[in-house]
Structures are given as structure tokens and as C-alpha cells.
Amino acid sequence: MTLYSELPLLVVLPETVEQVQHVLRICHELNVPVVARGAGTGLSAGAMPHPEGILLCLSKLDQILDIDILARTARAQPGVSNLSISDAAAEHGLYYAPDPSSQIACTIGGNVSENSGGVHCLKYGLTVHNILSLEVLTVEGEKLTIGSMGLDSPGYDLMALLTGSEGLLGIITEVTVRLLPLPELAQVIMAGFNNVSTAGNAVGAIIAEGIIPAGLEMMDRLAIQAAEDFAQAGYPREAAAILLCEVDGTSEEVAQHTQKIARLFEQHGATSVTISRDETQRALLWKGRKAAFPAIGRISPDYYCMDGTIPRSQLSFVLNEIYRLSEQYALPVANVFHAGDGNLHPLIMFDASDSTAIHRAEEFGAKILELSVRVGGCITGEHGVGIEKLSQMTNQFTAQELLQLEDIKHAFDPALNLNPGKGIPILKRCQEYRALPARHQHD
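Below or above, wherever it landed, is the structure these notes cover. (Residues numbered from 1 in each chain as written. Predicted model: local features only at pLDDT ≥ 70, side-chain atom pairs only at ≥ 80, totals over all residues. Heavy atoms only, no water.)

**Overview of the pairing of strand β12 (residues 215-220)**
Strand residues, when the strand is regular, have side chains that alternate between the two faces of the sheet. Here β12 lies mainly inside the structure; six of its six residues are buried. Residue alternation in β12 divides its side chains into two sets, Gly-215, Glu-217 and Met-219 and Leu-216, Met-218 and Asp-220, and both sets are buried. Both β12 and strand β13 (residues 241-249) contribute to a ladder of six bridges, which runs antiparallel. Across the sheet, the residue bridging to Gly-215 is Glu-246, located in β13. (Buried < 20%, exposed > 50% of the residue type's maximum accessible area, 1.4 Å probe, protein only. Helix = DSSP H or I, 4+ residues; strand = E, 2+ residues; numbered from the N terminus. Pairing = 2+ DSSP bridges.)

**Section: the packing of helix α11 (residues 315-329) against helix α12 (residues 355-374)**
Where α11 contacts α12, the axes come no closer than 10 Å and their chain directions differ by 160°. With respect to α12, the element α11 is oriented roughly antiparallel. For the pair α11 and α12, the sense of crossing is right-handed. The residues of α12 that touch α11, namely those facing Phe-317, Val-318, Glu-321, Ile-322, Leu-325, Ser-326 and Tyr-329, are Arg-360, Glu-363, Phe-364, Lys-367, Ile-368 and Leu-371. Classifying every residue of the contact of α11 with α12 by side-chain character gives eight nonpolar, one polar and four charged. (Axes fitted to C-alpha atoms, helices over the stretch in contact; angles between N-to-C directions. Parallel < 35°, antiparallel > 145°, perpendicular 65-115°, else oblique. Left-handed = near helix turned anticlockwise from the far one by under 90°. Contact = heavy atoms within 4.5 Å. Nonpolar A, V, L, I, M, F, W, Y, C, P; charged D, E, K, R; others polar.)

**A closer look at the packing of helix α6 (residues 196-208) against helix α8 (residues 251-267)**
Between α6 and α8, the least distance of the axes is 10 Å, while the angle of their chain directions is 140°. As α6 runs across α8, the sense of the crossing is right-handed. Across the interface between the two elements, Ala-202, Ala-205 and Ile-206 from α6 touch Ile-261, Leu-264 and Phe-265 from α8. Across the contact of α6 with α8, the residue classes break down as six nonpolar, no polar and no charged.

**Re the packing of aromatic side chains**
Scanning the model with the defined rule gives four aromatic pairs in all. For the ring pair Phe-193 and Phe-265, a centre distance of 6.0 Å and an interplane angle of 85° mean the geometry is edge-to-face. Of this pair, Phe-193 sits in strand β11 (residues 185-193) while Phe-265 sits in helix α8, and the two are 72 residues apart along the sequence. Residue classification places Phe-265 among the buried residues on the basis of a relative accessible area of 0%. (Phe/Tyr/Trp six-rings, centres within 6.5 Å; stacked < 30°, edge-to-face > 60°.)

**So, the sheet that holds strand β8 (residues 143-147)**
Strands sit in the order β4-β5-β9-β7-β8 across an open sheet of five strands; the sheet is antiparallel. In this open sheet, the two strands that pair with only one neighbour each are β4 (64-68) and β8. Recorded for the sheet is a direction-independent mean angle of 15° between the axes of neighbouring strands. Across four bridges, the pairing between strand β5 (residues 73-76) and strand β9 (residues 171-178) is antiparallel. Across the sheet, Ala-74 pairs through a bridge with Val-177, a residue of β9. Along the sheet face, helix α1 (residues 17-30) touches β7 (131-137), β8 and β9 and points at about 50° away from the line of β7.

**Re the side chain of Ser-116**
Mapped onto the elements, Ser-116 comes out in the loop between α3 (108-114) and α4 (121-124). The contacts of Ser-116, once residues within four sequence positions are left out, are Pro-98, Pro-100, Gly-110, Asn-111, Leu-126, Thr-127 and Glu-382.

**Regarding α1**
Compared with an ideal rise of 1.5 Å per residue, which puts 14 residues at 20 Å, α1 spans 20 Å between its outermost C-alpha atoms and is within 8% of the ideal. For α1, the secondary structure elements touched by its buried residues are β1 (10-12), β2 (34-37), β3 (54-57), β7, β8 and β9. Where α1 terminates, the next one or two residues include Asn-31, which has phi positive at roughly 60°. (Expected span 1.5 Å × (residues − 1).)

**Here's the deal with the side chain of Glu-217**
Mapped onto the elements, Glu-217 comes out in strand β12. When sequence neighbours within four positions are dropped, the list of residues in contact with Glu-217 reads Val-119, Ile-242, Leu-243, Leu-244, Trp-286, Arg-289, Phe-337, His-338 and Ala-339.

**So, unusual backbone geometry**
For Arg-72, which is not glycine, the phi dihedral falls at a positive 55°. With respect to the helices and strands, Arg-72 occurs in the loop between β4 and β5. A relative accessible area of 41% means that Arg-72 is categorised as partly exposed.

**Quick word on the pattern of salt bridges**
All told, the structure shown has 14 salt bridges when counted by the stated rule. Of the charged contacts in the structure, one is a salt bridge between Lys-389 and Asp-307, with a shortest N-O distance of 4.0 Å. With a gap of 82 residues between them, Lys-389 in the loop between α12 and α13 (393-396) and Asp-307 in the loop between β15 (302-305) and α11 connect regions that are remote in the sequence. Taken individually, Lys-389 and Asp-307 each receive the classification buried, so the pair is uniform in this respect. Taking the shortest distance from any N to any O, the salt bridge between Arg-324 and Glu-321 comes out at 3.1 Å. (Salt bridge = Lys/Arg side-chain N within 4 Å of Asp/Glu carboxyl O.)

**Digging into the sheet that holds β3**
Working definition: the strands of a sheet are paired by backbone hydrogen bonds and lie parallel or antiparallel to each other. Strand order in the open sheet formed by three strands is β1-β3-β2, and the pairing between neighbours is parallel. Looking at the sheet topology across the chains shown, the edges are occupied by β1 and β2. Strand-to-strand, the axes of this sheet are offset by a mean angle of 25°, without reference to chain direction. In the packing of α1 onto the sheet, contacts are made with β1, β2 and β3, and the angle to β3 comes to roughly 165°.

Here you go:
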């Protein structure tokens, strides 16, 4: 999130959990803010340093501790990259399902902090659906184990609370993830459409038929052309939109669903339908989609990636509104997103050397998030709130609801020193705490 930057007071790079505990204890004693950071691939400035705090970089905690083939689990430290888990599990015929576009670089600790998804989240879920337990350090440096190797744990579901908490409640030092067997076969059906409304309607038609694809992605013309120039994936450059729909399972299941989806696309106005011939072509079709963000970086000095989520039934309306806003703010926008679960990722293109363009880009992005809430959606699907969406939280939540979130934060971190200024707008507790005499601040 390059619109926001800050220098920390100090950077520390611990190599052991004990060193992380030592840092947290010192910071707690001295009342110093702590910001945990993994690979820094987040898109909402959630890991931006605090100017008066410690930047706790966990990239050296990068070991896969264990792979249990029978239980189909893996234990990993927070600095392990997402893709490394699947690479290590592949020799056992297993893989880790959530696959953000940044999976080659993003870390599992960051994935948990942001509840990351990816192109296969429609069928296999987000991070929260694919982890079993967490080892977490409190702000005081105390070690906790949240969750278990069982399918469920008694008491409050603290693991779901910590997943997506953006470093506000604790420091993750170990993650146990579920592994899935590699499917016997997977195929991608790519369909081109002459307008985005037709493509949006086709998304709903697939779900209405009771088919849950492994992935269902949408890209509009600008994203198609940029990705095709970059990856040469074989996308139809003349199309106004494409859908990439992957089905996986047994050979019989895939054959049945592939033909059914291809017919549905044709019935809903597809101008072209391509079914991947083999694994090489399937990987190439996904390469174009996963390379869409850097591809846009080749044609624009800067871009601003949004992350609203909407009901699938509102796709056509919202996309057309985004194009209207694009004209209003005189900024081009490329749309590439998880169509199956309505998670939008409009890429607003601008030039950061132009201060007026920065202002227009931020205002344009805010309007997209407001629109998402207005049609029954929310302001984030997987990128988190960070700093970027703080002002939009009041559009989605009432003051009372925000105070409830603040009370949860205060219960875990009374001094509000874990990743301060991110995730939730502090309305009450911060002012009350800072007003206390120093001798009462740790009572």
C-alpha cells in the first residue's frame, strides 16, 4: 500500500519465539507500540510501521515444523510463504487451499492476520476455514495455544476472532493448517463476453445450478489486455469481460461439470468458450489472472487496489457504477476479482506525482466502498481495514458496534500498543487510557 509510508523507531528481526517474547516484554514494560510484519504484501497499510514504535519483523521465523500425512496437517512458523506449504506437501499428494495472488511471497502469519483468500476461496474457503490452531503471544509476551487438532474446541471461538484481526490482538508465532488431497483432475473453462453485465449474470447462473466451482474469477477489458500483454495466456483481447471457472474432482465429475458450465456460458451470451486441454494450459490461464496486478503496474505509474464485497446479484449494477465513477473522477479502472463470492478488486490507475490525482483516487476508492455497503455488502473481503479503510468503518458499523470492537481490542491489549491506529477507529478507550496517570496504566 504505497500511498502510506512511515519510518519506525526501530526494526527487530528475531530468529526464535523466545526472542519475540523478550521484545514484547520490554515493549510492554516501557509502553512502546509494536507492529508485527511479515512479507509486507498487504494492500491496506496494515503493517505500516509506527513512528514511535518497534517494527517486529517475523520473516526469520520461516520453518515448516511438521507435516502430518495421516492427519493432513502442517505446522509452520509465521514467516513461511504460502506457496512453500503446498510445495512441501506436494510430495505427499497434498496441498494448502487458500492461494492469494501474492502466494509466492506472502506469509502464513500475514494470511491469518488478514484472513486471506485467493482464486479458490469459493469452494475451499478463506484462511479461517483452513486452519486448526494458532500459537499466539499476548502483548505481555505470554504464550497461548488457540484451537486444537480436533474439529472443534470448547469455549469461545477465539481462533476465528484472531483470524483477520490484523495484528491488533496478539502476535502469531505458529500456525497449524489443514491440507487437502490434490484433486485427480482440474480444468478451467474460460468464457468471453461482449459486456460486463452479461458476464455478471452468468456468474449467478452457475451458482443457481448448484455447481460450486473451485474458482470463479472475472476480468474486464482493461485487465484482460494488460494481463495478456504480460503473461500471453491466450485471453480474448476483444472481449469486454472474461470468466475463468475451474472445476476439480474425479475425472467423471470434472467432465460432467465442464460440459454443463460451457453450455451455461453459451446460453448466457458467451462469445467464446475455451476449455483447458491439459495442466500446462490450465496453469497458463491462471497465470494471467494472478499476474493481473503487476500487469497493471506496467501500464500505469501507480494503482490503488480496492477490496469491497457485494452480493453476487449486484455484480452488474456495481460494475457499471464503477465505470460511471471512473468517468466522474477521470481515472481509468481495471476490474479483476473473485466473482464467485462477490469480492471486488477494482484497480484505480493514477500518477502519484500528481497530488490531485492521489486525492481523486482515494475519493474514488471510498465511493466504491460506500457503494458496496449500500447494496448489502461490506468494505473488505480479504485485504483488511488497516489504515486505508478506517474512515469507511463508520459507513458499515454504528458507533455502538465500533465500541464493541474497541472493547474486544482493549481486553487483549489494554494499553492499545499492538498495531495502534489500524483496523478499528478508536472512539473511547484510547482517550480514557492516555488520560490516566502513568502509575495506573498497567493496573
